[in-house]
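# Examining the three-dimensional arrangement
Spelled out, the chains give:
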Amino acid sequence: MEPLCPNFDLLKSSSVPLFSHRLSSINRGISKRSSASFPCVSSYNRNCNHQASVKTEAPPQQQPNGHDLIKSLTKGFVGFAAAATALASVCSDSPAFAESLTVAFPVSRAQEVNTVQRTLVEAWGLIRETFVDPTFNHQDWDLKLQQTMVEMFPLKSADAAYGKIRGMLSTLGDPFTRIISPKEYQSFRIGSDGNLQGVGLFITVEPKTGHLVVLSCVEGSPAARAGIHDGDELIEINGQRLDGVDSEAAAQRLRGQAGTSVTVKLHRGNGSGSGSSIKEVKLPRELIRLSPISSTVIPHRTPDGRLTKTGYVKLSTFSQTAATEMKNTIHEMENLGVQSYILDLRNNPGGLVKVGLDVAKIWLDGNETLVNTVDRDGHMSPINMANGHALTHDPLVVLVNEGSASASEILAGALHDNGRAILVGHKTFGKGKIQSITELHDGSALFVTVAKYLSPALHDIDQVGITPDVQCTTEMLNSPKETLKGKSSVSSLEADSCIMVAEHELDIQESKGTAS
């Protein structure tokens, strides 16, 4: 999705400024025209004769393939920008496929609300053209802009105005489509680069309940040292309730200058309705280094008495350096004579999808399908390798659990469905949606769910997850958590029963003479 109309300018009249907004559509072969008028607020009734034009035009239908979609969503910030000009010039050469919507509304006299009004139209347009559900959760999306603009007009603060945008997005019924402030977006970018100042928590919105839950803790972080567990529900931060707060806004509250502290309240339940508890803990903020890879070599005695080497690689997040560090790690282990591998994706909440695909290529040969994308019109496109060459063909087991989400599930599905790996652990989180990230004119960012993905074997993962080939028992889940730091000793890993199961599966693969 390259920029179609890259500029966004505010139309000003001699009296009251009005928005003029013109969008280029993607893959919308439409030939209809409609018009509507926004109710003018009473103090601006004299300006009702002024109108702004919101007009979309679609180029001839052209379906992007899945690889282009992933590439465009992850090469940086998606360049598809909403555009506005003075009753703008045509942005497409295909007037036969034009859809025109004429609306009128006054611009707020409060400058900060005025700015958010522009952001509202920009976000509305991006949703209109790219959101995965073309019914917009069975509502009139054009009418939704009108309603939100009217609600926003009398407001006096940017925070309140942004609240109206969030309310508009919430009606889509997709917790992953959201807007974050410029400050929150800056923190998001820093986290993707691999370092941040905070407490070391990965959190997400649980789709079925809307609650904020802990996916995992960074090893050795303040959160991990305080005994916060995967699945704990986050209730309060510094005494403020988190009802209706999205994961990025909550993460922003947790972050802060190293040396300061933050108090969190969590709810822990055992899933059966009994034995639940509330925990409040004060956490110091520290510099959290999100090194995506930790590894070690595990000596392993085979059933016939031979001593072999198993390479253990834990991938904690799909940051920008993850694929490169994975390659370096595998090269090192091959030089050490490793004969089999365990790739640990437990409690990996995901990250950059393209990085997940790049990691999959490290283990696969040929022209295998890595994932299938399904767009808003139901068109499925496979993303295939092109003459790939794996760095190793040694047997591989992948560990997953309830905290393995998004890019982790893409990677696990790619390796499993192509016969490259056995999956051991517990069913994964179940996030099978792909978001674009667009930086808006004011420095905020809009996350939009633009597609869903299916595994190479066409399994729908969203809200379902991936069930491993071999599950660990409850007793195994209660084993001491591994605290591997870099290339440390393997003593903590030897207490991990899921790793023992993985080693057993590797023995079975070797006995069958099958190199995955």
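One can find the structure itself at the top, above this paragraph.
Here we summarise the structure given alongside this text. The model shown is predicted, which means the values in this text are computed figures rather than measured ones. (Residues numbered from 1 in each chain as written. Predicted model: local features only at pLDDT ≥ 70, side-chain atom pairs only at ≥ 80, totals over all residues. Heavy atoms only, no water.)

## Comments concerning the packing of helix α2 (residues 111-130) against helix α4 (residues 158-170)
Note the threshold: Between N-to-C directions, angles span 0 to 180 degrees; the directions come from axes that are lines fitted to C-alpha atoms, helices contributing only their stretch in contact. By definition, any uninterrupted DSSP run of H or I lasting at least four residues is a helix, any uninterrupted run of E lasting at least two residues is a strand, and each is numbered from the N terminus. Here roughly perpendicular refers to angles of 65 to 115 degrees, roughly parallel to angles under 35, roughly antiparallel to angles over 145, and oblique to all remaining angles. Crossing chirality is assigned from the near helix's rotation relative to the far helix, an anticlockwise turn below a right angle marking it left-handed and a clockwise turn marking it right-handed. Two residues qualify as a contact provided that any one of their heavy atoms is within 4.5 Å of a heavy atom in the partner residue.
Across the interface, α2 lies against α4 with an axial gap of 9 Å and an inter-helix angle of 15°. What the angle tells us is that α2 and α4 run roughly parallel. In the crossing of α2 with α4, the sense of the turn from one axis to the other is right-handed. On the side of α2, the interface is formed by Glu112, Val113, Val116, Thr119, Leu120, Trp124 and Ile127, while α4 contributes Ala158, Ala161, Tyr162, Ile165, Met168 and Leu169.

## Description of the nonpolar core
To keep things clear, this is the line we draw: As used here, the term nonpolar core means buried Ala, Val, Leu, Ile, Met, Phe, Trp, Tyr and Cys residues forming a set that is joined through side-chain atoms within 4.5 Å. Only protein chains enter the calculation, and the probe is 1.4 Å; a residue is then buried if its accessible area is under 20% of its type maximum, exposed if over 50%, and partly exposed in between.
If you look at the biggest cluster of nonpolar residues, it comprises 40 residues, and the most contacted ones within it are Leu315, Met326, Leu343 and Trp363. Going through the elements one at a time, β15 (307-315), α8 (322-335), β16 (340-344), α9 (353-363), β17 (369-374), β19 (396-400) and α10 (407-417) are the ones with two or more residues in this core. No other element matches α9, which puts 7 residues into this core. Contacts of Leu315, omitting those with residues within four sequence positions, involve Pro292, Ile293, Ala322, Met326, Leu343, Asp344, Leu345, Asn348, Val359 and Leu411. Val113, Met149, Tyr162 and Leu440 belong to the second largest nonpolar core, which has 28 residues in total.

## Re the sheet that holds β15
Each strand in a sheet pairs with its neighbour through backbone hydrogen bonds, running either in the same direction (parallel) or in the opposite one (antiparallel). Put simply, the test is: For two strands to count as paired, DSSP must find a minimum of two bridges between them.
Pairing is mixed across the open sheet formed by 6 strands, whose spatial order is β14-β15-β16-β19-β20-β23. Of all the strands in the sheet, just β14 (293-301) and β23 (470-471) have a single pairing partner and so form its edges. As paired strands, β15 and β16 are joined by 5 bridges and run parallel to one another. Residue pairing in the sheet places Thr310 in a bridge with Ser340 of β16.

## What to know about α4
Here is the rule: To estimate the expected span of a helix, count its residues, drop one, and scale the result by 1.5 Å. The directions considered for the arc run from the helix axis to the C-beta atoms.
Across its 13 residues, α4 extends 18 Å between first and last C-alpha, which sits within 8% of the 18 Å expected from 1.5 Å per residue. All of the buried residues in α4 are Ala158, Ala161, Tyr162, Ile165, Met168 and Leu169. The arc enclosing the buried residues of α4, seen along the axis, measures out at 110°, which places them on a common side. Seen from the open side of α4, the exposed residues pointing more than 90 degrees away from its buried face are Asp159 and Ser170.

## Quick word on the pattern of salt bridges
Convention followed: Think of a salt bridge as a Lys or Arg side-chain nitrogen and an Asp or Glu carboxyl oxygen that are within 4 Å of each other.
Under the counting rule described, the total for this entry stands at 17 salt bridges. With its nearest N and O atoms 3.8 Å apart, the salt bridge here joins Lys361 to Asp358. Of this pair, Lys361 and Asp358 both sit in helix α9, 3 residues apart, which is roughly one turn of that helix. Take Lys361: its relative accessible area is 30%, and that puts it in the partly exposed class. For the salt bridge of Lys433 with Asp462, the shortest nitrogen-to-oxygen distance reads 3.9 Å. Taken as a pair, Lys433 in strand β21 (residues 433-439) and Asp462 in the loop between β22 (445-454) and β23 lie far apart in primary sequence, 29 residues in all. Lys433 sits in the buried class, given a relative accessible area of 18%. By relative accessible area, Asp462 is classed as buried at 16%.

## Some remarks on the side chain of Arg178
Following the sequence through the fold, Arg178 ends up in strand β5 (residues 178-180). Beyond its immediate stretch of four places on either side in the chain, Arg178 contacts Leu169, Asp246, Ser247, Glu248, Ala445, Leu446 and Phe447.

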